[in-house]
Amino acid sequence: MTRWRPGEKRADAASMLRVDQAGEYGATRIYAGQLAVLRPNCPEAKLISRMAAQEERHLARFDKLMAKRRVRPTALQPLWNVAGFALGAATALMSEKAALACTDAIETEIDRHYGRQLDELGEDDPELSADIAEFRADEVEHRDSAREAGATSAPGYPLLTAAIRAGCKVAIALSKRI
Ligand SMILES: [Fe+2]
Ligand SMILES: [Fe+2]
């Protein structure tokens, strides 16, 4: 765990909140894109609907915390609106299993991202850390459910998940700054 010492820069909680809210917003858009394409009663759609409801809850909590702390959202929100929906729709059009592989890839990156943030925050911001830790557990559960439901059997799984993970890293880097 990283500990703050005099003279060191404290973790930038505002920037963390900004990128995390952008990520949860992106997640809701990905799932909206997938649910627009998938047959409503297929098992994948049922699983994704359940996960989407949790993303809505994560987003609402970060929205509230941002308002309370007067942190501005990322200026890239309109981009994540479109890019998230497009990624969701594109993977669902490939196949039901590809839609699950998308969740597998994204949540793998988000688990690492939230883990790094928790290390960086240390004891600095218990309020934010508590949310991140709780949501991280949900994201890991999403990743595991997607794998159990057959994500890894999606055609082109290694390439597809590598591409999505790379895109997710770029989105995280941009949302921290812009
Ligand atoms: Fe989430
Ligand atoms: Fe998630």
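Preceding block: the structure.
Here the structure is a predicted model, which is why all the values come from computation and not from measurement.

Chemist: Provide a residue-level description of the overall build of the protein chain, including the pertinent values.
Modeler: Tallying secondary structure elements over the protein chain gives 6 helices and 0 strands in all. Along its sequence from the N terminus, the protein chain presents helices and strands in the succession α-α-α-α-α-α. In terms of overall size, the protein chain behaves like a compact globule, its C-alpha atoms giving a radius of gyration of 16 Å where 178 residues would be expected to give roughly 16 Å. Taking the principal axes of its C-alpha atoms as reference, the protein chain extends roughly 55 × 30 × 25 Å. Out of the 178 residues in the protein chain, the part that is buried amounts to 49%.

Chemist: How would you summarise the coordination of the iron ion (ligand 2) if you had to cite specific residues and measurements?
Modeler: Summarising the metal site, the iron ion (ligand 2) is bound by the protein donors Glu 55 (OE), Glu 107 (OE), Glu 139 (OE) and His 142 (ND1), whose distances to it range over 1.8 to 2.3 Å. Geometry at the iron ion (ligand 2) is tetrahedral, judged from the 4 donor atoms that bind it and their angles of 90 to 128° at the metal. Separating the iron ion (ligand 2) from the iron ion (ligand 1) is a gap of 3.8 Å, which Glu 55 spans by donating to each of them. Remark: Glu 107 occurs in helix α4 (residues 96-121) and Glu 55 occurs in helix α2 (residues 43-69); sequence separation between them is 52 residues. Residues Glu 55 and Glu 107 agree in their burial class; the two are buried.

Chemist: Got a sec to walk through the coordination of the iron ion (ligand 1)? Specific residues and values, please.
Modeler: Taken together, Glu 24 (OE), Glu 24 (OE), Glu 55 (OE), His 58 (ND1) and Glu 139 (OE) make up the protein donors of the iron ion (ligand 1), found 1.9 to 2.6 Å from the metal. Sequence positions of the donors to the iron ion (ligand 1) reduce to the motif E-x30-E-x2-H-x80-E. For Glu 24, a relative accessible area of 2% corresponds to the buried category. Assessed through its relative accessible area of 0%, His 58 is described here as buried.

Chemist: Outline the nonpolar core, supporting the account with residue identities and numerical values.
Modeler: Core analysis: the largest hydrophobic core is formed by 40 residues, its most contacted members being Leu 17, Ile 48, Phe 62, Ile 106, Leu 128 and Ile 132. When residues of this core are traced back to their parent elements, those giving at least two are α1 (13-37), α2, α4, α5 (126-148) and α6 (157-177). Top contributing element to this core by residue count: α4, with 11 residues. Apart from residues no more than four positions distant in its own chain, Phe 62 is found in contact with Leu 17, Asp 20, Gln 21, Glu 24, Tyr 114, Leu 128, Asp 131, Ile 132 and Phe 135.

Conventions we followed
Numbering of residues starts from 1 in each chain and follows the order in which that chain's sequence is written. Written order determines the labels here, with chains lettered from A and ligands numbered from 1. The predicted origin of the model limits local features to residues at a pLDDT of at least 70 and limits the giving and counting of side-chain atom pairs to 80 or more, whereas totals for whole chains, interfaces and linings rest on all residues. Just so you know, side-chain values use all the structure's heavy atoms and leave hydrogens and water out. Starting at the N terminus, helices and strands are each numbered in turn, a helix being any DSSP run of H or I of at least four residues and a strand any DSSP run of E of at least two. The globule rule used for comparison is 2.2 Å times the number of residues to the exponent 0.38, while the radius of gyration itself is calculated over C-alpha atoms. Buried means the residue's accessible area, taken with a 1.4 Å probe over protein chains only, is under 20% of the maximum for its type, while exposed means over 50%, and partly exposed covers the values in between. Donors, by definition, are the N, O and S atoms found within 2.8 Å of a metal, the threshold being 3.2 Å for Na, K and Ca, and water is not counted, so a site can look incomplete. Key to geometry: four donors with every angle between 85 and 135 degrees are tetrahedral; four donors are square planar and six octahedral where opposite donors lie over 155 degrees apart and all remaining angles lie between 65 and 115; all other sites are irregular. Among buried residues, those of type Ala, Val, Leu, Ile, Met, Phe, Trp, Tyr and Cys that are joined through side-chain atoms within 4.5 Å constitute a nonpolar core. Residues are treated as being in contact if the distance between any of their heavy atoms lies within 4.5 Å.

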